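Observations on the model geometry
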Amino acid sequence: MPSVFDRMFDEMRRGLPPVVPPTAEEVAASEAAEAAREEASRREGEAYLARAPRYSLGNGGFARSERLMGRCANGNEADRGRVFHVVAEGPDGKAICGAKEGFSRSVGWSGPREEPATCPRCLARLAKMGGARC
């Protein structure tokens, strides 16, 4: 004997139109549209990074301007002011002033930003290292 759910799903299926698989042309058009979207997204990312300031660290390394995001615990952290740090490029990028992400402090770095660095400690350390904005 079918369960209540089986009967319910049978009734729902009867009310739905039959599923028609896409044609080869529709699949090809969908794949082409997805490839075009990915290419446009890649170009947009490259253009964004070209506009973002880049800093030479003086030792052959480079850095970008990034913001340490708040905890977002109650939604009020967004208005505490924004300090943009000089963060080394790479997977383990850290701010040259020593600021770091942490469980109780933030959710992480924002990623490269268009705004120039404003952290006074980062800017002083950058000058001491012999680095400059590229």
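Here is a short report on the structure shown in this document. Note that the structure is predicted; figures quoted are calculated from it, not measured.

1. Here's the deal with the overall build of the protein
On a plain count of helices and strands, the protein comes out with three helices and five strands. Ordering the α and β elements of the protein from the N terminus gives α-α-β-β-β-β-α-β. Burial status across the protein gives 21% buried among its 134 residues. Put simply, of all contacts in the protein between residues at least 6 apart along the chain, 65% involve residues at least 24 apart. A total of about 10,000 Å² of accessible surface is found on the protein, and carbon and sulfur atoms cover 56% of it.

2. With respect to the pairing of strand S2 (residues 62-69)
One face of the sheet, then the other: side chains in a regular strand alternate in exactly this way. As defined by bridge partners, strand S1 (residues 54-56) adjoins S2 across three bridges and the pair is classed as antiparallel. Its bridge partner being in S2, Tyr55 is matched across the sheet by Ala63. Adjacent in sequence and paired antiparallel, S1 and S2 are bridged by five residues, among which Gly58 carries a positive phi angle near 85 degrees. Here S2 pairs with strand S3 (residues 84-88) via five bridges, running antiparallel. Each bridged residue has a counterpart across the sheet, and for Ala63 the counterpart in S3 is Ala88.

3. Comments concerning the packing of aromatic side chains
Under the counting rule described, the total for this entry stands at zero aromatic pairs. In this structure, Arg54 is placed above the aromatic ring of Phe62, and the distance from its NZ or CZ to the ring centre is 4.0 Å.

4. Some details on the environment of Ser3
Along the polypeptide, Ser3 turns up in the segment before helix H1 (4-15). A distance of 3.2 Å separates the side chain of Ser3 from the backbone nitrogen of Asp6, its partner in a polar contact.

Conventions adopted
Residues numbered from 1 in each chain as written. Predicted model: local features only at pLDDT ≥ 70, side-chain atom pairs only at ≥ 80, totals over all residues. Heavy atoms only, no water. Helix = DSSP H or I, 4+ residues; strand = E, 2+ residues; numbered from the N terminus. Buried < 20%, exposed > 50% of the residue type's maximum accessible area, 1.4 Å probe, protein only. Contact = heavy atoms within 4.5 Å. Areas by Shrake-Rupley, 256 points an atom, 1.4 Å probe, with all protein chains shown as cover. Pairing = 2+ DSSP bridges. Phe/Tyr/Trp six-rings, centres within 6.5 Å; stacked < 30°, edge-to-face > 60°. Lys NZ or Arg CZ within 6 Å of the ring centre and 35° of its normal. Polar contact = N/O pair within 3.5 Å; in protein donor to acceptor, adjacent residues only side chain to side chain.

The values reported here are purely geometric and, on their own, carry no functional implication.
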